[in-house]
Amino acid sequence: MNRALIVVDVQESFRVRPQWADTLNPTVAEPVNRLVDLARAAGDLVVWVLHTEPGTGNPFDPESGNVRLFAELSEPLPDEPVLRKTSHNAFTTTNLQQILTAHGVGELRVCGIRAEQCVETTTRVGSDLGYAMTFVSDATSTDPLGRFSAADILERTEAVLRDRFARIATVAELESEAESEAESEVRVTASAT
């Protein structure tokens, strides 16, 4: 089964808002880059998603100049789609599902900003569409909301997604699995010769 990594809303729009000072994971680009490297090494499709709110005058309005990926993220390769959405999930207002179908993708790894909003919603919709979902918790971030800390929100998001909509994993767990798979392939190849 082919796999894709969906990087949701890791964009400058968030860093210009006052809430960014309280974000859970201000260095979210580092684990996202590790996931991108892992996906590329495995030959997985990488899809970049940006949230837009045209005509609002807020940081998500394309006219603001902030609807762009974090500068420290890996540059999208020419064959990696960069989609712009206007809904909370990456499917409804984009052609993401058509892209995934064209690539024969059946498994998705999802990361990005905000854990409980666009990343969670994308995960739930993906699950409903039949994709095997993995929510990569340490490659996400969010802000406090009401009486809930950002850590509380991430914990709640993981709890409601776990085993119902998605597998919950860390970047290190996925890297370890990739190493084990590579070692297994080497053993199989060696025993076949």
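Structure shown above.
About the cut-offs
Residues numbered from 1 in each chain as written. Predicted model: local features only at pLDDT ≥ 70, side-chain atom pairs only at ≥ 80, totals over all residues. Heavy atoms only, no water. Pairing = 2+ DSSP bridges. Helix = DSSP H or I, 4+ residues; strand = E, 2+ residues; numbered from the N terminus. Axes fitted to C-alpha atoms, helices over the stretch in contact; angles between N-to-C directions. Contact = heavy atoms within 4.5 Å. Salt bridge = Lys/Arg side-chain N within 4 Å of Asp/Glu carboxyl O. Expected span 1.5 Å × (residues − 1). Buried < 20%, exposed > 50% of the residue type's maximum accessible area, 1.4 Å probe, protein only.

### Section: the sheet that holds strand β5 (residues 132-141)
Spatial ordering of the open sheet is given by β3-β2-β1-β4-β5-β6, a layout of six strands whose pairing is parallel. The open sheet has two edge strands with one neighbour each: β3 (82-85) and β6 (167-169). Along the sheet, successive strands turn relative to each other by an average axial angle of 25°, direction set aside. Of the strand pairs in this sheet, strand β2 (residues 45-51) and β3 are connected by four bridges, and their pairing is parallel. Bridged to V49 within β3 is L83. Against the sheet, helix α2 (residues 29-42) touches β1 (2-8), β2, β4 (105-113) and β5, its axis set at about 155° to β1. Of the strands in this sheet, β1, β3, β4 and β5 touch helix α4 (residues 115-128), which is tilted by about 170° from β5.

### Description of the pattern of salt bridges
A pair can form between side chains of opposite charge whenever their charged atoms are brought close. Enumeration over the complete set of coordinates arrives at twelve salt bridges. Overlapping salt bridges, with partners in common, bring together R3, D44 and E107 in one network.

### Observations concerning helix α5 (residues 150-161)
Think of an α-helix as 3.6 residues a turn; residues three or four steps apart then line up on the same face. Compared with an ideal rise of 1.5 Å per residue, which puts twelve residues at 16 Å, α5 spans 17 Å between its outermost C-alpha atoms and is within 8% of the ideal. Looking only at α5, the buried set comprises A150, I153, L154, T157, E158, V160 and L161.

### Thoughts on unusual backbone geometry
Here the residue pair I113 and R114 is connected by a cis peptide bond, since its omega of -25° sits within 30 degrees of zero. For R114, the location among the structural elements is in the loop between β4 and α4. At D163, a residue that is not glycine, the phi angle is positive and equals roughly 65°. Relative to the elements of secondary structure, D163 occurs in the loop between α5 and β6. Judged by relative accessible area, D163 falls into the exposed class, the value being 71%.

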